[in-house]
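# Report on the structure
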Amino acid sequence: MVINKNGRGIMFLLLLLVVLAVFAFSYFDINGNSFHENEREYPLLKEEGKGEIVKLPEPSHDGDVSLEKAVAERRSVRSYREEPLTLEQVSQLLWSAQGITEENRGLRTVPSAGALYPLTVYVVAGDVTDLEVGFYEYLPHQNELRLLSLGDLRKDLYEAALNQSAVRDAPLVMVISANYQQTTGNYGDRGIRYVHMEAGHAGQNVYLQGVSLGIKGVVIGAFEDEQVREVLNLSPEEDPLYLIPLGK
Ligand SMILES: Cc1cc2nc3c(=O)[nH]c(=O)nc-3n(C[C@H](O)[C@H](O)[C@H](O)COP(=O)(O)O)c2cc1C
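Residues numbered from 1 in each chain as written. Predicted model: local features only at pLDDT ≥ 70, side-chain atom pairs only at ≥ 80, totals over all residues.

## Some points on the overall build of the protein chain
Looking only at helices and strands, the protein chain has nine helices and nine strands in total. A burial count over the protein chain gives 35% of its 248 residues as buried. Pairs at least 24 residues apart make up 71% of the contacts formed inside the protein chain by residues separated by at least 6 positions. (Helix = DSSP H or I, 4+ residues; strand = E, 2+ residues; numbered from the N terminus. Buried ≥ 20, exposed ≤ 12 C-beta atoms within 10 Å, placed from the backbone. Contact = placed C-beta atoms within 7 Å.)

Written out as structure tokens, the structure is:
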């Protein structure tokens, strides 16, 4: 086929248009919003090609400590030994906060208004055996942790939590955040109180599970919301509700 100079120019223009169209479709959704606008930026994660999944040990449904003893002994503790937590202990504590206890309906260890489950549990891991220092999201259905970023966030989180030393010193800080919309979408403004109640249920479970494991902690509600959101790179729809430093 013979293509003259004008023909080549037209083909080049058509090719350019196709390339531009492919770029536009991959960058914007059907409403013209950039997919990348809502994407969380975890620079460390991206740079190091991480995002890996950490399979958690199966949580136990048995324990030597009676419920009554756990309730009686539960206490807020704000200083810890310089000793790591094990992945088994972390798995058990996470399970108590949001673990799945009925697979079919996806029901969990804590009650939830309309079983809508607006809470997300994160782990700021500083000293946990077999777990890289980093920030992880708990995936209850899979019983896994998803690495969100590498590096120790405890110091920054401590500053965001009004310099409460437990946050800096604990080997691990559990973070409970909420997406209110998930509950207010069904229940209107009343859903806000439901979300707070659910965080309370989760916090109490962690305390009681902690007694059973010999792990101490404290639920912390005093912190700068924006600063915590910034340190953890939470999405704008998510509100941090509790920081729970945990250690021995
Ligand atoms: C909603 C809420 C927020 C709290 N925030 C903090 C906090 O920011 N810092 C802290 O050291 N303790 C905090 N606590 C723990 C209380 O100080 C503690 O429960 C109280 O002193 C009673 O002690 P106990 O838990 O050992 O029974 C909080 C407790 C609740 C329920």
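## Regarding the site of the ligand
Close to the ligand lie R75, S76, R78, Q164, V218, V219, I220, G221 and A222. Tallied by class, residues from the shell around the ligand come to four nonpolar, three polar and two charged. (Near = placed C-beta within 6 Å. Nonpolar A, V, L, I, M, F, W, Y, C, P; charged D, E, K, R; others polar.)

## Re the confidence of the model for the protein chain
The predicted model of the protein chain has a mean per-residue pLDDT of 88, with 83% of residues at 70 or higher. The secondary structure element of the protein chain with the lowest average pLDDT is helix α2 (residues 43-47), at 45, and the one with the highest is strand β9 (residues 239-247), at 99. In the predicted structure, residues 25-49 sits below a pLDDT of 50 and forms 21 contacts with residues beyond four places in sequence or in another chain. (pLDDT = per-residue confidence, 0-100.)

## What to know about the environment of I220
Tracing the backbone shows I220 in the loop between β8 (216-217) and α9 (225-232). A C-alpha to C-alpha distance of 9.8 Å links I220 and S76, two positions 144 residues apart in sequence. Apart from the residues lying within four places of it in its own chain, the contact partners of I220 are A161, Q164, V167, Y242, L243 and I244.

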